[in-house]
Amino acid sequence: EMKDGRNKDELIKVIKPVLAAKQYGTEDALAPLVADACLGTMNIGGAPRVTAESVRVAKILGGNIRQSQVIHGYVALRGAETTLTSVEDARVTIFGCGIEASSTEAKGTVLMESAEDLKTYNITEEEKMEEIIKSIADTGTKVIVSGGSVSEMALHFIERYNMMCLKIGSKWELRRLCSATNATALVRLGPATPDEMGFCDSVSVQEVGGKPITIFKQNRSVKDGCRLSTILLRASTSSLLADMERAVDDGVHAARIACKDGRLVPGAGATEMELSVKIKGYGDTCPGLDQYAIRAFAKALEFVPRTLAENAGLDATDVVTALGAAHVDGSVTAGVDIEAMVSGEGTSTGVRESEDVVDLLATKQSAFRLALDAALTVLRVDQIIMSKQAGGPKKQ
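Residues numbered from 1 in each chain as written. Predicted model: local features only at pLDDT ≥ 70, side-chain atom pairs only at ≥ 80, totals over all residues. Heavy atoms only, no water.

### Quick word on the overall build of the protein
Assigned secondary structure in the protein consists of 12 helices and 13 strands. Classification of the 396 residues of the protein by burial places 40% in the buried group. Sequence-distant contacts in the protein: of pairs separated by 6 or more residues, those separated by 24 or more amount to 72%. When the accessible surface of the protein is summed, it comes to about 22,600 Å², and 53% of that surface belongs to carbon and sulfur atoms. (Helix = DSSP H or I, 4+ residues; strand = E, 2+ residues; numbered from the N terminus. Buried < 20%, exposed > 50% of the residue type's maximum accessible area, 1.4 Å probe, protein only. Contact = heavy atoms within 4.5 Å. Areas by Shrake-Rupley, 256 points an atom, 1.4 Å probe, with all protein chains shown as cover.)

### Considering the pattern of salt bridges
Scanning all chains against the criterion turns up 17 salt bridges. Between K16 and D28 there is a salt bridge, with the nearest N and O atoms lying 3.2 Å from each other. Here K16 is found in helix α1 (residues 8-22), whereas its partner D28 is found in helix α2 (residues 27-41), with 12 residues between them in sequence. What you see here is one network of salt bridges that share partners, running through R56, E173 and R176. (Salt bridge = Lys/Arg side-chain N within 4 Å of Asp/Glu carboxyl O.)

### Digging into the packing of aromatic side chains
Inspection of every chain in the model, using the stated rule, returns one aromatic pair. When the ring centre of W172 is taken as origin, the NZ or CZ atom of R175, which lies over that ring, is 4.8 Å away. (Phe/Tyr/Trp six-rings, centres within 6.5 Å; stacked < 30°, edge-to-face > 60°. Lys NZ or Arg CZ within 6 Å of the ring centre and 35° of its normal.)

### Focus: the pairing of strand β5 (residues 141-146)
The buried fraction of β5 is high, at five of six residues. Two strands pair when backbone bridges link them, and strand β4 (residues 86-95) and β5 are joined in this way by five bridges, in the parallel orientation. Counterpart to R91 in the pairing with β5 is T141. Alignment of β5 against strand β6 (residues 164-167), held across four bridges, turns out to be parallel. Bridging from a neighbouring strand, V145 pairs with L166 of β6. (Pairing = 2+ DSSP bridges.)

These values are about where atoms sit, not about what they do.
Here you go:
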């Protein structure tokens, strides 16, 4: 059982087998990162709690898995629009709209008769834009984030008032940034109230793998802890990055469930084989035709260790037989040794006792419940509707 959800070593023990099931060989590098990200977003008071939405993944092509890192905060996969690229203790104003002069619905034609008309044509628009940017700067804002385009004129005045500007086109990413900085996205162009502004310990543009990224970093000094953690994944191919992202997602959900219910069971097919042995023993005590159904149910549970053995390139029949014998002898934690084929490692029988490979009890219960429901649903069907080719009768 996982006794303390805030203990990193216990969290890694739960997460590592989940990552290995998805992306074998990367679990030693990824498990500490996932655990660190979950601990960074965990609530400070009360029972430990993790939400899957609080851990985000940012993928950068190039490098290797060992170069992956955890950032307590938000990572935007683009650089800043301004020359200012680093700010400390920044107040952040986020706009859901673009920072530009609103265009009128009606179109008009401007007739210029002199050079003076040309010089004064944009002066009113410039004054209005400067007034808006100055009012934003007066609130103490150091970083402006736009959900749309930023006009050159607005960018000029943002530079003049020594602020940093960043564009984020995705509404989902904008929402994540609002969550990370505790800000509210404004739909109007103007100064934000203190409640609408966010705060970030540091905002900086860095180059990772030849790509500029903007990092909004939060320290643990925030009163309710960091709201968002980002795992920055590095790998040589896009497919590997996608597989690692799915593995990380599974690991985060495993940590979330472990914080709710920390009970663990042996993994590597040990739980299924132990249940199979127990049910077979129960079946021997039942007279009549029921015995056949109970034995068939017990044999169906051998599917998990059999599949593990086949995927590892082992002789499935020999491994399942050896595993069943081990469990009959009382080796409750004996499971399939997937490294049995590796030279110098593993065992000759393909069976190994290990307390490090564990599964969540809640996950096993859910899997069994769904499997039983599916089987019972099929058995309840008393009619079969045959599909026929569409269309009218065949031509004579």
